[in-house]
Amino acid sequence: MKLLEYEGKKILQTSNIAVPKSFVAGESADFLPAVLKSQVPVGGRGKAGGVVIVKDDAEYTAEREKISHLEIKGYTPKTILAEQPLDIDRELYLSLVIDKATASTELMAHKRGGVEVEDNAAEDFLKLTLETGSADAAGQQLADYYDLPDKTFALQDLVEKLYVLFNQQDMTLLEINPLVLTKTGELVAADAKITLDDAAQFRHPDWSFELDPVETNFVTLDETGNVATIANGAGLAMATVDAVADNGMKPANFLDIGGGANEASVLAAFKRITEYSHVKVIIINIFAGITRCDEVARAIIAARAQLDDLPPLAIRLAGTNYEQAAKLLQQQNIPIHANLDQALAAAKELT
Ligand code: GDP
Ligand code: MN
C-alpha cells in the first residue's frame, strides 16, 4: 500500500527526522510563502505542475484551486500539502528498498537527486546492504560519497533512524528524493515516498491511510519488467505470470483482482501499472465466476479514456457476462483473444 507524501512525512517525524514545517492547505494559508504540493501517489509531480511556490494570498488561492483539479497520471488530489520553502543548496537522493532476490535491505543513494534522478545511469548509484549495527559504516560511506564529510554524524543518525522505521513499519520502499541540504547546512527530507507491505497489515492495527489498499493482492516482481499482468484468482494470476516468463518476456507484477473485483478496483490496478516505466503491454487474463466480465470491460474502457500513458492491452476474457463485455469492447474496437496463448502471442509482438 502506498502512502501519500504527507503521511510518509508524519512517520518520519515520529523519529525526529527533519521535514519542512507544513500545514494541510485549506481556505487560508497558515503562513506564506509556501510550497503547495499535490498529494497524489505518483512521482513526477514537480514536472507535471503539482509543486508550486506561492508568495501571497492571491497566489495561494489561485494555485490551490488549480492544483486541486490538476490530474497527474490519472489521480487528482484529495489533500494539498503546504510547506515552508527550503533554501536549497543541494538535492540528494536516498532510498531504502527490499531486494527480493537476496531478501536484504538495500540503501541506494545518488549525489544528484531531484526531478531528474531518472536520468542518472543505474550503475552510478551508491548501493549498500543494511543490517542491524551497520548504520554507522553506511553513514560514513554515504558522507564520503555525497562529499559531505562534516555531515558524517548526521548521515549516520539518519540511516539508523530510517533503517529502524523501515523494519518497524514493514516498509518495502522508503524513498527520500530530494534529501535537501539547505544553505544553512541542514539535511531535510523534502519529499517522502513510502510503500508498506500489505501482508503485514495484521500487525499494524494503527495503519490507516487516505488511499484504499485496493491492490492488496498486488506484488511488484520486477520494476524493469516489460509485461504487466491482471488476472483473477491467485492460481490463475500465478499461472499468468509463469506463462509470461515462459514466453521469454519479463513480468513486472503479480495481481489477483479477486472475486469481488469491480470497475473501481480494476481501474486502480491499471493506474498502479502505469507507474512502471518499462511495461510495453498489459495482459489481462480473466476467468470470471463471481467477477463479471462486463465490469472488467467497463474498467478497461474507463482506463483507456482516463490514462494517457496506458500501454497496449492483450485481453483474454471468459465466463460470467462475457457476451455483454464482448459487445462493450467491440464498440470501442478493443480486441479480445480467445485464449491465453493468443493473448501471449499478441503481447510478444509488442515487447
Ligand atoms: P516529485 O516531483 O513528485 O518528486 O515532488 P518533489 O516533492 O520531489 O518536488 C519536486 C521538486 O520541487 C524538488 O526536486 C525541488 O526541486 C522542488 N521543491 C520542492 N520543495 C521545494 C522547496 O521547498 N523549495 C524549493 N525551492 N524547491 C522545492
Ligand atoms: Mn520527489
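Per chain, the residues get numbers from 1 upward, laid out in the order the sequence is written. The naming scheme follows written order: chains are lettered A onward, ligands numbered 1 onward. Confidence filtering applies because this is a predicted model: local features only for residues at pLDDT of at least 70, side-chain atom pairs given and counted only at 80 or more, and all residues used for totals across whole chains, interfaces and linings. Excluding hydrogens and water, the side-chain figures rest on all heavy atoms present in the structure.

> Sorry if this is basic, but what is going on with the site of ligand 1 here?
The cutoff for a nearby residue is simple: one of its non-hydrogen atoms must lie within 4 Å of the molecule or strand. Taken together, 19 residues surround ligand 1, and among them Lys 37, Arg 45, Gly 46, Leu 86 and Glu 91 come closest. The contact in question runs from an oxygen atom of ligand 1 to an N or O atom on the backbone of Leu 86, over 2.9 Å. Polar contact criterion, stated in full: a pair of N or O atoms within 3.5 Å, where within protein one must be able to donate a hydrogen and the other to accept it, and residues adjacent in sequence count only if both atoms are side-chain atoms. Between Asn 177 and ligand 1, the recorded distance is 3.1 Å, taken from a backbone N or O atom to an oxygen atom. All accessible-area figures derive from a Shrake-Rupley calculation using a 1.4 Å probe, and residue coverage is judged against the displayed protein chains alone. Relative to its free-state accessible area of 570 Å², ligand 1 is covered by the protein chains to the extent of 83%. For the shell around ligand 1, the elements supplying multiple residues, two or more each, are strand E2 (34-38), helix H2 (45-48), strand E3 (51-54), strand E5 (88-99) and strand E8 (171-182). Of the residues that constitute the shell around ligand 1, the class distribution is nine nonpolar, six polar and four charged. Each of two domains, domain 1 (21-83) and domain 2 (88-200), supplies a minimum of three residues to the shell around ligand 1. What counts as a helix is a DSSP run of H or I of at least four residues, what counts as a strand is a run of E of at least two, and both are numbered from the N terminus. Only Asp, Glu, Lys and Arg are considered charged in this grouping, and only Ala, Val, Leu, Ile, Met, Phe, Trp, Tyr, Cys and Pro are considered nonpolar; every other residue, Gly among them, is considered polar. These domain limits were set by an automatic method or by a database of domain assignments.

> Sorry if this is basic, but what is going on with the domain arrangement of the protein chain here?
It is common to give the size of an interface as the accessible area that goes away when the parts come together. For the protein chain, the assigned domains are domain 1 (21-83), domain 2 (88-200) and domain 3 (217-350). On the domain 2 side, the residues contacting the five residues of domain 1 number five residues. Buried area adds together the accessible area that both of two parts lose upon being put together, with accessible area traced by a 1.4 Å probe. Across the domain 1 to domain 2 interface the summed buried area is about 350 Å²; carbon plus sulfur atoms make up 37%. Of all residues in domain 1, Lys 37, Arg 45 and Lys 47 give up the largest surface area on contact with domain 2, accounting jointly for 71% of the area buried on that side. When a carboxyl oxygen of Asp or Glu lies within 4 Å of a side-chain nitrogen of Lys or Arg, that pair is called a salt bridge. At the boundary of domain 1 and domain 2, one finds two salt bridges. At the junction of domain 1 and domain 2, the tally comes to three residue pairs in polar contact (both at pLDDT 80 or more). Contact between two residues is taken to exist if any of their heavy atoms lie within 4.5 Å; hydrogens are not considered.

> Is there a simple way to explain the packing of helix H4 (residues 135-146) against helix H5 (residues 152-168) in this structure?
When two helices pack together, their arrangement is given by the angle between the helix axes and the distance between those axes. Comment: axis = line fitted to C-alpha atoms, over the contacting stretch for helices; angle = value between 0 and 180 degrees taken between N-to-C directions. Axis separation between H4 and H5 bottoms out at 8 Å; the angle between their running directions is 130°. Considered as vectors, H4 and H5 are oriented oblique to each other. For the crossing formed where H4 meets H5, the hand is right-handed. Seen from H4, the contacting residues are Ala 135, Asp 136, Ala 138, Gly 139, Gln 140, Leu 142, Ala 143 and Tyr 146; seen from H5, they are Thr 152, Leu 155, Gln 156, Val 159 and Glu 160. Partitioned by chemical class, the residues of the contact of H4 with H5 number seven nonpolar, four polar and two charged. Just so you know how the angles are binned, under 35 degrees is roughly parallel, over 145 roughly antiparallel, 65 to 115 roughly perpendicular, and the rest oblique. For any helix crossing, the convention is left-handed if the near helix is rotated counterclockwise from the far helix by under a right angle, and right-handed if that rotation is clockwise.

> Honestly, the packing of aromatic side chains in this entry has me stumped. Any pointers?
Each aromatic ring pair is specified by the distance between its two centres and by the angle formed by the two planes. Stacked, edge-to-face and tilted labels apply to pairs of Phe, Tyr and Trp rings (six-membered ring for Trp) whose centres lie within 6.5 Å, assigned for plane angles under 30 degrees, over 60, and everything in between, in that order. Evaluated as defined, the whole model comprises five aromatic pairs. Taking the centre distance of 5.0 Å and the plane angle of 85° together, the rings of Phe 23 and Phe 31 count as edge-to-face. Between buried and exposed lies partly exposed: a residue is buried under 20% and exposed over 50% of the maximum accessible area for its type, with that area taken using a 1.4 Å probe on protein chains only. Residue classification places Phe 23 among the buried residues on the basis of a relative accessible area of 6%. Seen in terms of ring centroids, Phe 218 and Tyr 276 are 6.3 Å apart; in terms of plane orientation they differ by 15°. Their pairing is stacked. Taken together, the residues Phe 218 in strand E11 (residues 218-220) and Tyr 276 in the loop between helix H7 (263-273) and strand E14 (281-288) connect sequence positions 58 residues apart.

> I keep staring at H4 and nothing clicks. Help me out?
Quick reminder: α-helices carry 3.6 residues per turn. Residues three or four places apart thus point the same way. Between its first and last C-alpha atoms H4 spans 16 Å; for 12 residues at 1.5 Å apiece the expected length is 16 Å, and the two agree. At its buried positions, H4 is contacted by E5, strand E6 (104-110), strand E7 (126-130), H5 and E8. Backbone geometry just downstream of H4 places Asp 147 in the positive-phi region, at approximately 65°. To estimate how far a helix should reach, multiply one less than its number of residues by 1.5 Å.

> I would appreciate a short explanation of the coordination of the manganese ion (ligand 2) in the present structure.
On the protein side, the manganese ion (ligand 2) has Asn 177 (O) and Asp 191 (OD) as donor atoms, found 2.2 Å from it. One end of the pair, Asn 177, is in strand E8; the other, Asp 191, is in the loop between strand E9 (187-189) and strand E10 (193-196), and 14 residues separate them in sequence. We note that Asn 177, like Asp 191, is buried. With water omitted from the atoms examined, metal sites may look incomplete; donors here are N, O and S atoms no farther than 2.8 Å from the metal, or 3.2 Å in the case of Na, K and Ca.

> Sorry, what's going on with the sheet that holds E14 here?
Paired through their backbone hydrogen bonds, the strands of a sheet run either parallel or antiparallel. Each pair of strands is called paired provided DSSP finds at least two bridges between the two strands. The three strands are arranged E12-E14-E15 in an open sheet whose pairing can be described as parallel. The open sheet has two free edges, formed respectively by strand E12 (227-231) and strand E15 (313-319), since each of these has just one partner strand. Between one strand axis and the next, the sheet turns through 10° on average, direction left out of account. Pairing of E12 with E14, which is carried by five bridges, proceeds in the parallel orientation. The partner of Ala 228 across the bridge, within E14, is Ile 282. Where helix H8 (residues 293-306) meets the sheet, its contacts fall on E14 and E15, and the angle it forms with E15 comes to roughly 160°. Of the strands in this sheet, E14 and E15 are in contact with helix H10 (residues 340-350), which crosses E14 at around 170°.

> Teacher, can you tell me more about the pairing of E5 here?
Looking down a regular strand, the side chains alternate between one sheet face and the other. Here E5 runs beside E8; their pairing, made up of eight bridges, is antiparallel. Across the sheet, the residue bridging to Arg 90 is Leu 181, located in E8. Bridge analysis of E5 against E6 gives seven bridges, and the strand direction is antiparallel. Looking at the pairing, Ser 95 lines up with Met 108 of E6. The antiparallel hairpin formed by E5 and E6 contains four residues in its connecting segment, where Ala 103 sits at a positive phi of about 55°.

> Just checking my understanding: could you explain the sheet that holds E3 for this structure?
Taken in spatial order, the four strands of this open sheet run E1-E4-E2-E3, and their pairing is antiparallel. Either end of the sheet is taken by a strand with one partner, and the two such strands are strand E1 (22-24) and E3. Neighbour-to-neighbour, the strand axes of the sheet open up by a mean angle of 25°, direction not taken into account. As judged from the four bridges shared by E2 and strand E4 (residues 80-83), these two strands associate in the antiparallel manner. By the bridge assignment, Ser 38 is partnered in E4 with Ile 80. Packed onto the sheet, helix H1 (residues 5-14) meets E2 and E4 and runs at close to 50° relative to E4. The sheet contacts of helix H3 (residues 57-69) involve E1, E2, E3 and E4, and relative to E3 the element is tilted by about 170°.

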